[in-house]
Amino acid sequence: MLERIADRHGHRFDFDERLVGGAAIDATGQPLPADTVAACRDSHAVLLGAVGGPKWSDPGAAVRPEQGLLALRAVLGVFANLRPVRVIDELRAASPIRADLLDGVDLIVVRELTGGIYFGDKHRDADSATDVCTYQVHEIERILHVAARLARSRRGRLCSVDKANVLETSRLWRETTDRLIATEYPDITLETLLVDAAAMHLLSRPADFDVIVTENMFGDILTDEASMLAGSLGLLPSASLGDSKRGLYEPIHGSAPDIAGRGTANPTATIMSVAMLLRHSLSLDEEALAIESAVRTAITKGARTADIATDGETALSTDQFTEAVLAEL
Ligand SMILES: NC(=O)c1ccc[n+]([C@@H]2O[C@H](COP(=O)([O-])OP(=O)(O)OC[C@H]3O[C@@H](n4cnc5c(N)ncnc54)[C@H](O)[C@@H]3O)[C@@H](O)[C@H]2O)c1
């Protein structure tokens, strides 16, 4: 995809492939080798394949693939994970949600990515386990700034999701949100929802949402749910951004071990992540739009992978679907 964009638009991209996750554990014993970190730091953008799988899922293992991904997000300082969710009209039938509820769905989840329970101290003994969830005010403020600026550039609506009726971190999250939005973004309409209610509203009135901001674990879970609005987990891309233009781009899905090796995975999430890379890290907006439009046109003309094929539609392989998108480029 990037080579085609380079040819068409007169750019040159230098690619450097490095290991992370299970493949890195197999080769080096570490889920995030030092040379991978150095290469990522040295790049304008990082495009990541998913990590993990049954081979490395032994609960007693000292090293796990997912540690590599969390560590990479942390070392790159990419605290803001942008996860857009749009419904493509031709794919409504692929969604388990009633078609009339999908009208006008165009939302983006801004997930805090380098704090919260995924990064807190962990403890395990024979009959108990602990995961600590911590948030600092500055971590909440900086993600709110990203989300509020985004809301300002879109429909001006921000929904903050927390669990303030139970969790202390969520009470801090809500107080910080109420204060910051009232003082610095009074033009934005703020709604706050408890995460359990948000999980329901996301399906019962998805078109009402514009920008949703939430903490790490809630964002992880809600976006897998939101992928069902679009029709498949294989459709949703993401961009993880920090204070610089360097970003980390990845599909929101995992390594899909249940279909691994068959050549049937939907490449859309990764292709759309490439578009986000071009837009956010390289400021190549026209090129990003060209990719997004090629994906939409290929789908409009009938290109489907197995996860989004309905009513007897022929499913293309991953390679064939990619060719169909390239043909539109
Ligand atoms: N960012 C990441 O690297 C990431 C994210 C989530 C899970 N994981 C890891 O992936 C492994 C599998 O986890 P899981 O099964 O819970 O989640 P998963 O996202 O890999 O798969 C969930 C379901 O969605 C389907 N799916 C996912 N991507 C698809 C695609 N592109 N096309 C078609 N169908 C697709 C899968 O076949 C599966 O049925 C675990 O080891 C987990 O830790 C990694």
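These remarks concern the structure in this document. In this text, all values refer to a predicted model and were calculated from it rather than measured experimentally. (Residues numbered from 1 in each chain as written. Predicted model: local features only at pLDDT ≥ 70, side-chain atom pairs only at ≥ 80, totals over all residues. Heavy atoms only, no water.)

### Thoughts on the site of the ligand
The condition is simple: Here a residue is considered near a molecule or strand provided that any single heavy atom belonging to it is located within 4 Å of it. Polar contacts, as counted here, are pairs of nitrogen or oxygen atoms within 3.5 Å of one another; within protein the pair requires one atom able to donate a hydrogen and one able to accept it, and residues that are adjacent in sequence qualify only if both atoms are side-chain atoms. Accessible surface is estimated by sampling points in the Shrake-Rupley manner with a 1.4 Å probe; for residues, cover comes only from the protein chains shown. Any residue outside Ala, Val, Leu, Ile, Met, Phe, Trp, Tyr, Cys, Pro, Asp, Glu, Lys and Arg is labelled polar, Gly included; the first ten of those are nonpolar and the last four are charged.
Glu66, Gly254, Ala256, Asp258 and Asn266 are the nearest of the 19 residues found near the ligand. Between the ligand and Val51, the relevant distance is 2.9 Å, taken from an oxygen atom to a main-chain nitrogen or oxygen of the residue. One of the backbone nitrogen or oxygen atoms of Gly254 is found 2.6 Å away from an oxygen atom of the ligand. Relative to its unbound accessible surface of 790 Å², the ligand loses 69% to contact with the protein. Split into classes, the residues belonging to the shell around the ligand amount to eight nonpolar, seven polar and four charged.

### Things to note about the packing of helix α7 (residues 195–204) against helix α8 (residues 216–230)
Heads up, the rule is: As a rule, the C-alpha atoms of each element are fitted with a line to give its axis, helices using only the stretch in contact, and angles between N-to-C directions run from 0 to 180 degrees. A run of H or I in DSSP becomes a helix once it reaches four residues, and a run of E becomes a strand once it reaches two; helices and strands are each numbered from the N terminus. Small angles under 35 degrees read as roughly parallel and large ones over 145 as roughly antiparallel, with 65 to 115 read as roughly perpendicular and the rest as oblique. Should the near helix be turned counterclockwise from the far one by less than a right angle, the crossing is left-handed, whereas a clockwise turn marks it as right-handed. Residues count as neighbours in contact if any of their non-hydrogen atoms are within 4.5 Å of one another.
Packing of α7 against α8 leaves a shortest axis separation of 10 Å and a crossing angle of 15°. Regarding the angle of α7 to α8, the classification is roughly parallel. You can see that α7 and α8 cross each other, and the crossing is right-handed. Together, Val195, Ala198, Ala199, Leu202 and Leu203 of α7 and Phe218, Leu222, Glu225, Ala226 and Leu229 of α8 make up the contact between the two elements. Of the residues belonging to the contact of α7 with α8, the class tally is nine nonpolar, no polar and one charged.

### Structural notes on the packing of aromatic side chains
Test applied: Centres within 6.5 Å are what make two rings of Phe, Tyr or Trp a pair, Trp counting through its six-membered ring; a difference in plane orientation under 30 degrees is then read as stacked, over 60 as edge-to-face, and the rest as tilted. Exposure categories follow from relative accessible area, calculated using a 1.4 Å probe and restricted to protein chains: below 20% of the type maximum is buried, above 50% is exposed, and the middle band is partly exposed. Look at NZ for Lys and CZ for Arg. If either is within 6 Å of the ring centre and within 35 degrees of the ring normal, a charge sits over the ring.
Taken as a whole and assessed by the stated rule, the structure comprises one aromatic pair. For the ring pair Tyr135 and Trp173, a centre distance of 5.6 Å and an interplane angle of 75° mean the geometry is edge-to-face. Note that Tyr135 is positioned in the loop between β5 (128–131) and α5 (137–153) and Trp173 in helix α6 (residues 168–184), a separation of 38 residues in sequence. Note on accessibility: Tyr135 and Trp173 belong to one class, buried. In this arrangement the basic side chain of Arg142 is found over the ring face of Phe79, its NZ or CZ atom lying 4.2 Å from the centre.

As far as function goes, none of this settles anything; it's purely spatial.
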